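Analysis of the macromolecular model
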Amino acid sequence: MGGNMKAHSMYFLRGESTTRTIISETSQVIWDCLHDIYMPIPSKEHWKKVADRFYDLWNIPNCIGAIDGKHFKIKCPSNTGSAYFNYKHYFSVVLMACVDADGLFLTIDVGDYGRNSDGRVFRRSSLGITLENNALDIPEPKVLPGWENKDKFPHYFVADEAFPLKTNIMRPFPKRSLNKERRIYNYRCSRARRSVECSFGMLVSKFRLFEQPIGCKVETAEALIKAACVLHNFIRIKEGVFSTPSHPSTINSMGYQNIEDQGIRPTRAAESNRDFLCDYFVSNEGKVPWQDNFS
């Protein structure tokens, strides 16, 4: 299904308004029927399972999700000016997503203006608001593997440089302050962040309508994206092939390229947590054999 409603109406020999209504209502019904089963609100026990899987698969402890935003092309909505015109020079709506280590969507927020940065979209999203209000039911801090004699470390999400550094959000070190240890930290976090990038890639590959601008109302575009996300989870759970831990020597790092400070001043506690995790990654207990190849 592509983005031209007139073409669909001619193909199925139905009126254009009828076609629009069918697509919009069907997308909403798919979401309503499936999201409680295949994208439920994560509980504390679920977050713990996500953290265990991130450690088993990507060697990153206490991580409960990878966060990123994805721009979906749309036709310019009427009377919206430049609100949906993004920095990539096309009109879009933003999907803000958090995924687990296997590329399953944990939470999504769809529909923010394309001109907004990922950091701003996240702060306005339900996940960002819930996290800021300490209402996300995140598990209690626990010690990092092998560091039983050290302080407990909070569970956290990994994100790229567009997001703020917070107690429960770990972002890369900025490019201008990198040394060997910080490059290793950026690389280790980038391994977990690949999960969300892979999720977006699988989503677009499976649902080809997202390869071109979606020619419908913004509300319908949002319904299509939400339906596609929950169907992605359904397909992955029913028929997906899941990764197994492997040596990543042939995988290029994406963790410390083009990293710039976004001017958002983190708290001292957040900076201390990032330094603590950085120290863990270069310690005998926390390092992986191949990480020096990417420093």
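Residues numbered from 1 in each chain as written. Predicted model: local features only at pLDDT ≥ 70, side-chain atom pairs only at ≥ 80, totals over all residues. Heavy atoms only, no water.

Per an unreviewed UniProt entry, the chain goes by the name DDE Tnp4 domain-containing protein and belongs to Acyrthosiphon pisum. Under the heading Sequence similarities (unreviewed entry), UniProt records this for the chain: "Belongs to the HARBI1 family." (UniProt positions renumbered as here; feature names shortened; annotations may be inferred.)

Quick look at helix α8 (residues 268-281)
Quick reminder: α-helices carry 3.6 residues per turn. Residues three or four places apart thus point the same way. In this model α8 runs 20 Å from its N-terminal to its C-terminal C-alpha over 14 residues, within 8% of the 20 Å that 1.5 Å per residue would give. Against α3 (44-58), β4 (156-158), β5 (169-170) and α6 (180-206) lie the buried residues of α8. (Helix = DSSP H or I, 4+ residues; strand = E, 2+ residues; numbered from the N terminus. Expected span 1.5 Å × (residues − 1). Contact = heavy atoms within 4.5 Å.)

Quick look at the pairing of strand β1 (residues 63-73)
Across the eleven residues of β1, nine count as buried, placing the element largely inside the fold. Looking at chain direction, β1 and β4 are connected through two bridges and run parallel. Bridging from a neighbouring strand, alanine 66 pairs with valine 158 of β4. Sheet topology places β1 next to strand β2 (residues 92-99); eight bridges connect them, and they run antiparallel. The partner of isoleucine 67 across the bridge, within β2, is cysteine 98. (Buried < 20%, exposed > 50% of the residue type's maximum accessible area, 1.4 Å probe, protein only. Pairing = 2+ DSSP bridges.)

Description of the state of the cysteines
Evaluated as defined, the whole model comprises zero disulfides. Of all cysteine sulfurs, the one in cysteine 189 lies closest to cysteine 278, which takes part in no disulfide; the gap is 9.0 Å. Here cysteine 278 falls in the buried class, since its relative accessible area comes to 5%. (Disulfide = S-S within 2.5 Å.)

Considering the packing of aromatic side chains
Going through the model one piece at a time under the given rule, you end up with 14 aromatic pairs. With a centroid separation of 5.2 Å and 90 degrees between ring planes, the pair formed by tyrosine 38 and phenylalanine 234 is classed as edge-to-face. Of this pair, tyrosine 38 sits in helix α2 (residues 16-38) while phenylalanine 234 sits in helix α7 (residues 218-239), and the two are 196 residues apart along the sequence. With a relative accessible area of 14%, tyrosine 38 lands in the buried category. Given a relative accessible area of 31%, phenylalanine 234 falls into the partly exposed group. Here the aromatic rings of phenylalanine 173 and tyrosine 185 are separated by 5.0 Å at their centres, their planes lie at 70 degrees, and the arrangement is edge-to-face. (Phe/Tyr/Trp six-rings, centres within 6.5 Å; stacked < 30°, edge-to-face > 60°.)

Side note on the sheet that holds β4
With respect to topology, five strands assemble into an open sheet ordered β3-β2-β1-β4-β5, the strand pairing being mixed. Each edge of the open sheet carries a strand with a single partner, namely β3 (105-113) and β5. Each of β1, β2, β3 and β4 is contacted by α3, which is oriented at about 90 degrees to β1, the strand it contacts most. Against the sheet, α7 touches β1, β2 and β3, its axis set at about 165 degrees to β3. (Axes fitted to C-alpha atoms, helices over the stretch in contact; angles between N-to-C directions.)

Here we look at α3
In a regular helix each residue adds 1.5 Å, so 15 residues correspond to 21 Å; α3 covers 21 Å between its end C-alpha atoms and thus fits that length. Taken together, the buried positions of α3 are Trp47, Val50, Ala51, Phe54, Leu57 and Trp58. Along the axis of α3, the buried positions cluster into a sector of 145 degrees, meaning they face one direction only. Buried residues belonging to α3 abut β1, β2, β3, β4 and α6. Downstream of α3 by one or two residues, asparagine 59 has phi in the positive range, about 60 degrees. (Arc of directions from axis to C-beta.)

Here's the deal with the pattern of salt bridges
One pass over the full model with this rule turns up seven salt bridges. Ionic pairing is found between glutamate 140 and lysine 44, a salt bridge with its closest N-O pair at 2.9 Å. You can see glutamate 140 sitting in the loop between α5 (126-132) and β4 and its partner lysine 44 sitting in helix α3, a full 96 residues away along the chain. On the basis of relative accessibility, which here comes to 46%, the residue glutamate 140 falls in the partly exposed class. Residue class for lysine 44 comes out partly exposed when judged on its relative accessible area of 24%. Measuring nitrogen to oxygen at the nearest pair gives 3.6 Å for the salt bridge that ties lysine 48 to glutamate 45. (Salt bridge = Lys/Arg side-chain N within 4 Å of Asp/Glu carboxyl O.)

A look at the nonpolar core
Counting residues in hydrophobic clusters, the biggest one holds 76 residues, and the most contacted among them are Ile60, Leu95, Phe157 and Phe210. Broken down by element, this core gets its largest block of residues, eight residues, from α6. With residues up to four places along the chain from it excluded, the contact list for leucine 95 reads Asp68, Gly69, Lys70, Phe72, Ile108, Asp109, Val110, Phe200, Leu203, Ile225 and Cys229. (Core = buried A, V, L, I, M, F, W, Y, C linked by side-chain atoms within 4.5 Å.)

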